[in-house]
Every structure is written in C-alpha cells, then in structure tokens.
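Now for the letters of each chain:
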Amino acid sequence: MDDFLDSLYPEITLETDDITMTISVKKDYSEIHDLDKRKDEFIKDLNEFIKEFSETPESEEFMQYFD
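Residues numbered from 1 in each chain as written. Predicted model: local features only at pLDDT ≥ 70, side-chain atom pairs only at ≥ 80, totals over all residues. Heavy atoms only, no water.

## Digging into the environment of Asp 45
By secondary structure assignment, the location of Asp 45 is in helix α2 (residues 35–54). With a relative accessible area of 16%, Asp 45 lands in the buried category. On a C-alpha basis, the gap between Asp 45 and Lys 27 in space is 9.4 Å, while along the polypeptide they are 18 residues apart. If sequence neighbours within four positions are ignored, Asp 45 has contacts with Lys 27 and Tyr 29. (Helix = DSSP H or I, 4+ residues; strand = E, 2+ residues; numbered from the N terminus. Buried < 20%, exposed > 50% of the residue type's maximum accessible area, 1.4 Å probe, protein only. Contact = heavy atoms within 4.5 Å.)

Quick look at the structure:
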C-alpha cells in the first residue's frame, strides 16, 4: 500500500555536477495561488528539509560512506 501512496506524490529530480536528488513532494501547494509565492514556499520547505537532515545522525552516517 505504501508504494501505491508514494506513487501519488509528484516528484522532481534535481541535479548538479556533484549531486542528483529525487524528491517526492508530499505537501499540497495548490492552496497557494500565486506562482511566485508557491515557489518561495517550496524553496523554504526544501531549505528546512536540508537543515533538518544536516542535524540528524543519518547525515553523519551518510558522510562516513566517503571514509
């Protein structure tokens, strides 16, 4: 059932020279009608996500991969 629910979320793949990241977006941004405000809200949420991740043990474990 989780796989089915996961397939309902829109996804975006972000790629730079160093990182490729696929993001499933669970938040519904459709209530924000102004496109610029919607984009700002998404970027704010993305930054918060990255900040939260940076403070988790998983982020340290992930970096240990390169040891």
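Okay, back to it.
## Digging into α2
Over its 20 residues, α2 runs 28 Å from end to end, which matches the ideal 28 Å to within 8%, given 1.5 Å per residue. The opening residue of α2 is Asp 34, an N-cap whose side-chain oxygen sits 3.0 Å from the backbone nitrogen of Asp 36. (Expected span 1.5 Å × (residues − 1). Polar contact = N/O pair within 3.5 Å; in protein donor to acceptor, adjacent residues only side chain to side chain.)

## So, the pattern of salt bridges
Taken as a whole and assessed by the stated rule, the structure comprises six salt bridges. Put simply, Lys 44 and Glu 48 hold a salt bridge, and the shortest N to O gap is 3.4 Å. With Lys 44 and Glu 48 both in helix α2 and four residues apart, this pair spans about one turn of that helix. Between Lys 51 and Glu 55 there is a salt bridge; the shortest N-O distance is 2.6 Å. Through salt bridges with shared partners, a single ionic network connects Lys 27, Glu 41, Lys 44, Asp 45 and Glu 48. (Salt bridge = Lys/Arg side-chain N within 4 Å of Asp/Glu carboxyl O.)

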